[in-house]
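# Fold and geometry: a report
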Amino acid sequence: SSRNAAFLACETFGDVLKTLTVAKEELGECLAAFEFMDRAVLRLVQKDHRIPVTCSADSEGLYPFYLLVETQGSNDTHDSEKMALFLEKLLHCGQIADGVLSQDLSQVEAMWAIRENCNPA
């Protein structure tokens, strides 16, 4: 079984919507999650949980919008290539400002820790 994730930063909500469309087109059957977070909630995660946000490069330290995109499948090589091509397309089209692709399961889990801490108990 294969599991990949990308943590992406977007400048506009329009880019978030375009990224969702591209994810559906490019990742298809492998797309397992498409999670949305905004700057305000990630500021709280950084402050309250001291969890660093992977993509942070603007003057305030954070981009306006973030996405966690996860794929799951049965062929690790095939699924990793699909995710890499997806990111390449987004960067080329300018739909994402920054992005990080997980290299192993611990990085996937670290990305999910950020997302899960956006929903306080």
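It should be noted that the structure appears before, not after, this text.
Because the structure is predicted, anything quoted here is derived from the model rather than measured. (Residues numbered from 1 in each chain as written. Predicted model: local features only at pLDDT ≥ 70, side-chain atom pairs only at ≥ 80, totals over all residues. Heavy atoms only, no water.)

### Some thoughts on the nonpolar core
Among the nonpolar cores identified, the biggest contains 16 residues, and Phe7, Met37, Leu42, Tyr66 and Leu68 are the most heavily contacted of them. Elements that contribute at least two residues to this core include exactly strand S1 (2-10), strand S2 (31-38), helix H2 (39-49), strand S3 (65-73) and helix H4 (105-116). Broken down by element, the residue count for this core peaks at four residues, all from H4. Counting 15 residues, the second-largest nonpolar core is a separate cluster that includes Cys10, Val22, Leu67 and Met83. (Core = buried A, V, L, I, M, F, W, Y, C linked by side-chain atoms within 4.5 Å. Buried < 20%, exposed > 50% of the residue type's maximum accessible area, 1.4 Å probe, protein only. Helix = DSSP H or I, 4+ residues; strand = E, 2+ residues; numbered from the N terminus.)

### Topic: the sheet that holds strand S4 (residues 98-101)
Reading across from one edge, S2-S3-S1-S4 is the order of the four strands in this open sheet, with antiparallel pairing throughout. Each edge of the sheet is formed by a strand with only one pairing partner; in this case those strands are S2 and S4. Across the sheet, the mean angle from the axis of one strand to that of its neighbour is 15 degrees, orientation sign disregarded. Taken together, the four bridges between S1 and S4 define a ladder with antiparallel strand orientation. Residue pairing for S4: Ala6 is matched across the bridge by Leu101. Contacts between helix H1 (residues 13-27) and the sheet are confined to S1, S2 and S3, with S2 contributing the most and set at about 175 degrees to the helix. Running over the sheet, H4 touches S1, S2, S3 and S4 and is turned about 45 degrees from S1. (Pairing = 2+ DSSP bridges. Axes fitted to C-alpha atoms, helices over the stretch in contact; angles between N-to-C directions. Contact = heavy atoms within 4.5 Å.)

### What about the side chain of Arg115?
Summarising the element assignment, Arg115 is placed in helix H4. Exposure remark for Arg115: the relative accessible area of 14% places this residue in the buried category.

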